[in-house]
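As a plain string of letters, each chain reads:
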Amino acid sequence: STLGGGFITTVAGNPITVDGTLGSIEIGVGQFVTGFQNLSAAELLIFTTGSTWSMSGSGPANWVLRLVTGDSGSKPFCSVNMGEIFAADDIGIVNVKRSDVLGGFTSSTVSNNIQKLYTGINKTYSASTVIKSLEQMRFFFDNTGLIATRVAYQSANGNDATRYGITRVVYPDSVRSIHTSRLNDGTERTMFTSNGDTVYQMDSGPSFDGAAISSTVSTAYNTVKSPWQRKRFEAITLETVSAGESTFSLTQNLNDGDKSYDSKTITIDGQLDFGPYVLAGEDFGITKSKVRLKGTGLNVQFSFTKSSSTDSQVTLAGYTLRYTPRGLVTI
């Protein structure tokens, strides 16, 4: 692509030859081209900073260029293909896909619930990649990344649907370029560069180049069926997945944060039993840990915090909450 708002195609079958008399042409879209993505064998999406175009056909003789949307495009280096096309734009992480409606395409954002966070970081775009084995796309804005993971669920009417769980990560250094490749044994490896002359491997260990990695997961306030019913919270059983021993802390809050209790330290052992876990490259299963709780309230929230450069990675798979119903109250 060129800075003047167009892009050049080369001679068919000879990608390093640009010769107008042999079939290479220049196509203009009026804005700086920020990326290309193949939607199918005969459909190319062309992104600019403010719009998305489609070029269909098999060659210069029957190519058709048309505007898909003039409302959203892509930041440079921030479009990915995960079966569907996604791009990071000013309005959010946009999903562009085929449809049966007039025009043949729909465009929607998958980052609606984190717009305040997104608009605070999206001025410093830098890179993006897809990790197919995790059904995960990662967009980086300087040293901050948004990791969006595809999650299947059943909607209220019982139909299968898809959501994208989005997590923020912050690295000590900026991510300037990134690439994920599949090795001969089927595993994926993601490499990235930063401000210096070092190439890093992502997801390769429990630290960032020796420095501790800190993480926090906070659940929504759980009313446990009824916001009018007081409950005495007694215990929580955590289901975790880890390749080895790991320690983290749990903090309990009640009544929308009006009550809070001292953190409890939890140490778990990795269970090498079943199920492949991609990042660790080993087989292991679920560990259950029971923690006693305190207090009576209308709702409860939990925060899990961890900071270590040596512990194994921990995945929270779920929890079971035990409580005793108390009296009803009027809010």
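Here, the structure is the one placed above.
On a predicted model such as this, the values are computed, not experimentally measured, just so you know.

**Let's talk about the pairing of strand 12 (residues 136-141)**
Next, step 1: Among the 6 residues of strand 12, 6 are classified as buried, and the element is accordingly described as predominantly covered.
Next, step 2: On strand 12, burial covers both faces: Gln 136, Arg 138 and Phe 140 on one face and Met 137, Phe 139 and Phe 141 on the other are all buried.
Next, step 3: One ladder, built from 6 bridges, connects strand 11 (residues 125-131) with strand 12; its direction is antiparallel. Note that in strand 12 the partner of Thr 129 across the bridge is Arg 138.
Next, step 4: What sits between strand 11 and strand 12 in their antiparallel hairpin is a turn of 4 residues, with Glu 135 showing a positive phi close to 50°.

**Focus: the sheet that holds strand 16 (residues 188-193)**
Next, step 1: Spatial ordering of the open sheet is given by 15-16-17, a layout of 3 strands whose pairing is antiparallel. If you trace the sheet from one side to the other, it starts and ends with strand 15 (177-182) and strand 17 (199-202), each paired once. Each strand of the sheet is rotated relative to its neighbour by a mean of 25°, with strand direction disregarded.
Next, step 2: Bridge count for strand 16 against strand 17 is 4 bridges, and the pairing is antiparallel. In the sheet register, Thr 190 faces strand 17, and the bridge partner there is Met 202.

**Topic: the environment of Ile 286**
Next, step 1: When you line up the elements, Ile 286 lands in strand 25 (residues 286-292).
Next, step 2: A relative accessible area of 39% places Ile 286 in the partly exposed class.
Next, step 3: For the pair formed by Ile 286 and Asp 269, sequence separation is 17 residues and the distance between their alpha carbons is 9.8 Å.

**Comments concerning the pattern of salt bridges**
Next, step 1: All chains considered together, the criterion is met by 6 salt bridges.
Next, step 2: Among the ionic pairs, Arg 176 bridges to Asp 142, the shortest N-O distance being 3.4 Å. One end of the pair, Arg 176, is in the loop between strand 14 (160-170) and strand 15; the other, Asp 142, is in the loop between strand 12 and strand 13 (144-154), with 34 residues separating them in the sequence.
Next, step 3: Classification of Arg 176 as partly exposed rests on a relative accessible area of 41%.
Next, step 4: The partly exposed category is assigned to Asp 142, whose relative accessible area is 24%.
Next, step 5: Between Lys 306 and Asp 311 there is a salt bridge; the shortest N-O distance is 3.0 Å. The burial state of Lys 306 is the same as that of Asp 311; both residues are buried.

**Observations concerning a positive patch on the surface**
Next, step 1: A grouping of Arg 230, Arg 232, Lys 259 and Arg 326 is seen on the molecular surface, where their side chains present a positively charged patch.
Next, step 2: Tracing the backbone shows Arg 232 in strand 19 (residues 229-242).
Next, step 3: Assessed through its relative accessible area of 38%, Arg 232 is described here as partly exposed.

**Here's the deal with the side chain of Lys 75**
Next, step 1: In this fold, Lys 75 is placed in the loop between strand 6 (64-69) and strand 7 (79-81).
Next, step 2: For Lys 75, a relative accessible area of 11% translates into the label buried.

**Quick look at the nonpolar core**
Next, step 1: Phe 86, Met 137, Phe 139, Phe 141 and Leu 146 are the most contacted members of the largest nonpolar core, which has 17 residues in total.
Next, step 2: At the level of elements, strand 8 (85-89), helix 1 (115-121), strand 12 and strand 13 are the ones that each hand at least two residues to this core.
Next, step 3: When residues no more than four places from it in sequence are discounted, the contact partners of Phe 141 are Ala 88, Tyr 118, Ile 121, Asn 122, Thr 124, Tyr 125, Ser 126 and Leu 146.
Next, step 4: Val 224, Ile 268, Val 291 and Leu 293 belong to the second largest nonpolar core, which has 15 residues in total.

**Some remarks on the sheet that holds strand 4 (residues 43-48)**
Next, step 1: Strand order in the open sheet formed by 4 strands is 3-4-5-6, and the pairing between neighbours is antiparallel. Every other strand in the sheet has two partners, leaving strand 3 (33-40) and strand 6 as the edge strands with one partner each. Across the sheet, the axes of successive neighbouring strands diverge by a mean angle of 25°, strand direction being ignored.
Next, step 2: Where strand 5 (residues 52-56) lies against strand 6, 5 bridges are found, and the strand directions are antiparallel. By the bridge assignment, Trp 53 is partnered in strand 6 with Leu 67.

Reading guide: rules and limits
Residues numbered from 1 in each chain as written. Predicted model: local features only at pLDDT ≥ 70, side-chain atom pairs only at ≥ 80, totals over all residues. Heavy atoms only, no water. Buried < 20%, exposed > 50% of the residue type's maximum accessible area, 1.4 Å probe, protein only. Helix = DSSP H or I, 4+ residues; strand = E, 2+ residues; numbered from the N terminus. Pairing = 2+ DSSP bridges. Axes fitted to C-alpha atoms, helices over the stretch in contact; angles between N-to-C directions. Salt bridge = Lys/Arg side-chain N within 4 Å of Asp/Glu carboxyl O. Patch = residues over 30% accessible without salt bridge, like charges linked within 9 Å, V, L, I, M, F, W, Y side chains within 5 Å. Areas by Shrake-Rupley, 256 points an atom, 1.4 Å probe, with all protein chains shown as cover. Lys, Arg positive; Asp, Glu negative; His and termini not counted. Charge placed at Lys NZ, Arg CZ, Asp CG, Glu CD. Core = buried A, V, L, I, M, F, W, Y, C linked by side-chain atoms within 4.5 Å. Contact = heavy atoms within 4.5 Å.

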